[in-house]
Amino acid sequence: RMSAPNMPPGVEMPRMAPVTASFCMTPEQAANPNGGMMAGNDVAGSGCTTENFTMAGGRITGTVQCNMQGTTSRTMMNGQFSPTSYEMNMVAETSAGGVATETEMRITARRTGDCPAG
């Protein structure tokens, strides 16, 4: 779901199609997850930080705050995880060029196998 209360009249919000992505992480990263994984802090210049992020006892909660090139976003996360999967609900509040949007997302992830040798 996506909404933009101050969008100009006649402009419709696009419908978002499901997206599939694949990431590789080391056994050490998988054994010790942290907010940096969700905030993209592994990428130099990500412009994102985490607030009150916890991933323990099978629960994921926290907030990711980003500020990149005039666009700010605040994403609140709440979900659950196991050694082989996670599910998370997210609400992102974004502001860019004077237009504020709110997006609700649901993420499901599962382990698909070992990282390719390289």
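Given the structure is predicted, the values throughout are model-derived calculations rather than measurements.

### Topic: the overall build of the chain
Turning to step 1, where the next piece is worked out: Of the regular secondary structure elements, the chain holds 2 helices and 6 strands.
Turning to step 2, where the next piece is worked out: Helices and strands in the chain line up, N terminus first, as β-α-α-β-β-β-β-β.
Turning to step 3, where the next piece is worked out: Residue burial in the chain is summarised as follows: out of 118 residues, 19% are buried.
Turning to step 4, where the next piece is worked out: Of the roughly 8,400 Å² of accessible surface on the chain, 54% is carried by carbon and sulfur atoms.

### So, the state of the cysteines
Turning to step 1, where the next piece is worked out: Tallying each qualifying case throughout the model produces 2 disulfides.
Turning to step 2, where the next piece is worked out: Note that Cys-24 is cross-linked by a disulfide to Cys-115, the S-S spacing being 1.7 Å. In this pair, Cys-24 is assigned in the loop between strand S1 (2-3) and helix H1 (27-31) and Cys-115 in the segment after strand S6 (99-110), connecting sequence segments 91 residues apart.
Turning to step 3, where the next piece is worked out: Going through the chain in sequence order and numbering each bonded cysteine, the pairs you get are 1-4, 2-3.

### Topic: the pairing of strand S2 (residues 48-56)
Turning to step 1, where the next piece is worked out: Sheet topology note: the S2/strand S3 (residues 59-68) ladder contains 7 bridges and is antiparallel. Across the sheet, residue Met-55 finds its bridge partner in S3, namely Ile-60.
Turning to step 2, where the next piece is worked out: Counting the residues that bridge the hairpin from S2 to S3 gives 2 residues, and of these Gly-57 lies at a positive phi of roughly 60°.

### Observations regarding the side chain of Thr-75
Turning to step 1, where the next piece is worked out: Residue placement: Thr-75 occurs in strand S4 (residues 71-82).
Turning to step 2, where the next piece is worked out: Look past the residues within four positions of Thr-75 in its chain and what remains in contact with it is Gly-62, Thr-63, Val-64, Met-90, Val-91 and Ala-92.

### Brief notes about the nonpolar core
Turning to step 1, where the next piece is worked out: Counting residues in each nonpolar core, the largest one holds 9 residues, listed as Cys-48, Phe-53, Met-55, Ile-60, Val-64, Cys-66, Met-77, Met-88 and Met-90.
Turning to step 2, where the next piece is worked out: Listed by contribution, the elements that provide at least two residues to this core are S2, S3 and strand S5 (85-96).

### Regarding the pattern of salt bridges
Turning to step 1, where the next piece is worked out: This structure, assessed with the given rule, holds 3 salt bridges.
Turning to step 2, where the next piece is worked out: Between Arg-106 and Glu-87 there is a salt bridge, and its shortest N-O distance comes to 2.6 Å. Of this pair, Arg-106 sits in strand S6 while Glu-87 sits in strand S5, and the two are 19 residues apart along the sequence.
Turning to step 3, where the next piece is worked out: For Asp-114, the salt bridge goes to Arg-111, with nearest N and O atoms at 2.5 Å.

Definitions and limits used
- Residues numbered from 1 in each chain as written.
- Predicted model: local features only at pLDDT ≥ 70, side-chain atom pairs only at ≥ 80, totals over all residues.
- Heavy atoms only, no water.
- Helix = DSSP H or I, 4+ residues; strand = E, 2+ residues; numbered from the N terminus.
- Buried < 20%, exposed > 50% of the residue type's maximum accessible area, 1.4 Å probe, protein only.
- Areas by Shrake-Rupley, 256 points an atom, 1.4 Å probe, with all protein chains shown as cover.
- Disulfide = S-S within 2.5 Å.
- Pairing = 2+ DSSP bridges.
- Contact = heavy atoms within 4.5 Å.
- Core = buried A, V, L, I, M, F, W, Y, C linked by side-chain atoms within 4.5 Å.
- Salt bridge = Lys/Arg side-chain N within 4 Å of Asp/Glu carboxyl O.

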